[in-house]
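Here are the chains, one letter per residue:
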Amino acid sequence: MILCRFVEAGRPRAGIVIGDRVADAEPLLGAPAPRLEPLLALDGTRLRALRAAAADLGSRAGARGVYRLDQVTLAPPIERPGKIICVGLNYRDHALEQGSEPPAAPMIFAKYVTAILAPGAAIRLPADSAEVDYEAELCVVIGKGGYRIPEASAFDHVAGYTIINDVTARDMQRADKQFTRGKSCDTFAPLGPWLILREALPDPHRLAISLTLNGRTMQSSNTSQLIFGVPYLVSYLSRTMTLETGDLIATGTPGGVGAARKPPVFLKRGDAVAITIEGIGTLANRVE
Ligand code: MN
């Protein structure tokens, strides 16, 4: 099951993706549903009923509340998560290109939520950076919150997955003692295109992941290269911080980032960046 957010009549609402269409969740729920978080808290039975109702509606041509996906404006699946937790150097091939040993423990940093950007919207180059880079990442969305979650039950706390571009100003990242400023510029967290629920993607550790810049493949790897997998990360993070519904974990980027290329490649006005993860979809953004 795939959930999305889209803008209709000037405001965002939750939707259920049915093939090439999206069904507005509001009439099905009988209540306004501007966010996905309440849906992530529903139990499996209610979610399946919602999906069946959406599929029924989607099969009727011209039904009210059903739109063609290519004709709606998508919004970020989660717009105001409590936190965006990022994992650095979490792909073997990326650690190698950085000349770093694979880390013994996850390397954790944060991105502020004001960086979140809709699928299809423009990444803005900040005046203070000349080295804006892309990072294709599998993003975990937390469902049921928790503290000190055992690794064995960590998947019970994963609602599903989406794609994040961990856009980074490399010059700021290097100039500061830590990463926060260079990772948190407005528009530096394109997120989407939608949220695929965990049951539809039972193994997140064998997915092809790639990024193209103006149609040229810059990153091409597989989540099997992840050093620390999803259950370990959920358990590790929740040892020290409470994870809440809607929290995002950006699991790290594979090799091929612009800064590691010779010569380096940075984003410039007019560029088109697209990240594809097998089983999820494609997150495309332009640069201005
Ligand atoms: Mn990253």
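Within every chain, residues take consecutive numbers counted from 1 along the sequence as written. Given that the model is predicted, a residue must reach a pLDDT of at least 70 before its local features are reported, and side-chain atom pairs must reach 80 or more before they are shown or counted; all residues, however, enter totals for whole chains, interfaces and linings. With hydrogens and water stripped out, all remaining heavy atoms of the structure feed into the side-chain values.

### Here's the deal with helix α3 (residues 44-59)
Right, on to step 1. Going along the chain from the N terminus, every DSSP run of H or I of four or more residues is numbered as a helix, and every run of E of two or more is numbered as a strand. To estimate the expected span of a helix, subtract one from its residue number and multiply by 1.5 Å. Given a rise of 1.5 Å per residue, 16 residues ought to cover 22 Å, and the 22 Å separating the end C-alpha atoms of α3 matches this to within 8%.
Right, on to step 2. Restricting attention to buried positions, one finds in α3 the residues L47, L50, A54, L57 and G58. All buried residues of α3 lie within an arc of 100° about the axis, which places them on one face of the element. When the buried face of α3 is taken as reference, the exposed residues oriented beyond 90 degrees from it are T45, R48 and S59.
Right, on to step 3. Looking at the packing, one finds that the buried side of α3 touches β2 (11-18), β3 (21-24), α1 (25-29), α2 (37-40), β4 (66-68) and β14 (189-197).
Right, on to step 4. By the criterion applied in these results, polar contacts are pairs of N or O atoms within 3.5 Å in which, for protein atoms, one can donate a hydrogen and the other can accept it, and in which residues neighboring in sequence qualify only through two side-chain atoms. At the N-terminal boundary of α3, the capping side chain belongs to D43, with an oxygen 3.1 Å from the backbone nitrogen of T45. Burial classes follow relative accessibility: with a 1.4 Å probe on protein chains only, a residue under 20% of its type's maximum area counts as buried, one over 50% as exposed, and anything between as partly exposed. Note: the arc covers the axis-to-C-beta directions of the helix. Any two residues whose heavy atoms approach within 4.5 Å are treated as being in contact.

### Some thoughts on the packing of aromatic side chains
Right, on to step 1. Centres within 6.5 Å are what make two rings of Phe, Tyr or Trp a pair, Trp counting through its six-membered ring; a difference in plane orientation under 30 degrees is then read as stacked, over 60 as edge-to-face, and the rest as tilted. A complete count under the given rule lists 4 aromatic pairs for this structure.
Right, on to step 2. Ring centres of F228 and Y232 lie 5.4 Å apart, and the angle between their planes is 25°; on these two criteria the pair is classed as stacked.
Right, on to step 3. On the basis of relative accessible area, F228 is assigned to the buried category, the value being 10%.
Right, on to step 4. Pairing Y232 with Y236 gives two aromatic rings, centres 6.1 Å apart and planes at 15°, and the pair type is stacked. With Y232 and Y236 both in helix α7 (residues 230-238), this residue pair falls 4 residues apart, about one helical turn.
Right, on to step 5. Classification of Y232 by relative accessible area gives partly exposed; the value is 32%.

### Some remarks on the coordination of the manganese ion
Right, on to step 1. Here a donor is an N, O or S atom found within 2.8 Å of the metal, or within 3.2 Å if the metal is Na, K or Ca; sites may look incomplete because water is not among the atoms. Protein coordination at the manganese ion: the donors are E135 (OE), E137 (OE) and D166 (OD), at 2.0 to 2.1 Å from the metal.
Right, on to step 2. Taken in sequence order, the residues that donate to the manganese ion follow the motif E-x1-E-x28-D. Here E137 is found in strand β11 (residues 136-142), whereas its partner D166 is found in the loop between β12 (158-165) and β13 (168-169), with 29 residues between them in sequence. D166 shares its class with E137; the two are buried.

### Focus on the domain arrangement of the protein chain
Right, on to step 1. Assigned domains of the protein chain: these are domain 1 (2-75) and domain 2 (84-287).
Right, on to step 2. An automatic or database domain assignment supplies the residue ranges for each domain. Of note, the centres of domain 1 and domain 2, computed from C-alpha atoms alone, are 26 Å apart.
Right, on to step 3. Domain 1 puts 11 residues into the contact, and the matching count from domain 2 is 12 residues.
Right, on to step 4. Buried area: the sum, over both parts, of the accessible surface (1.4 Å probe) that disappears when the two are put together. For the pairing of domain 1 and domain 2, the buried interface totals around 930 Å² over both sides, and the portion due to carbon and sulfur atoms is 80%.
Right, on to step 5. Should a side-chain nitrogen of Lys or Arg be within 4 Å of a carboxyl oxygen of Asp or Glu, the pair is scored as a salt bridge. Linking domain 1 to domain 2 there are 0 salt bridges.
Right, on to step 6. For the interface between domain 1 and domain 2, the tally reads 1 residue pair in polar contact (both at pLDDT 80 or more).
Right, on to step 7. Considering each element in turn, the side of domain 1 that touches domain 2 owes the most residues, 3 residues, to strand β1 (residues 2-8).
Right, on to step 8. For the side of domain 1 that touches domain 2, the per-class residue count stands at 10 nonpolar, no polar and 1 charged. Three residue categories are used. Nonpolar comprises Ala, Val, Leu, Ile, Met, Phe, Trp, Tyr, Cys and Pro, charged comprises Asp, Glu, Lys and Arg, and polar comprises the others, including Gly.

### Examining the pattern of salt bridges
Opposite charge on two side chains makes pairing possible when the charged atoms of those side chains draw close.
Right, on to step 1. Under the defined criterion, the tally for this structure stands at 18 salt bridges.
Right, on to step 2. In this structure, R13 engages E26 in a salt bridge whose closest nitrogen and oxygen atoms are separated by 3.7 Å. Pair noted here: R13 is in strand β2 and E26 is in helix α1, with a separation of 13 residues, a long-range link. Taken as a pair, R13 and E26 share a single burial class, namely buried.
Right, on to step 3. The partner of D166 in a salt bridge is K111, and the shortest N-O contact between them spans 2.6 Å. On the criterion of sequence distance, the pair formed by D166 in the loop between β12 and β13 and K111 in strand β7 (residues 107-111) is long-range, its members being 55 residues apart.

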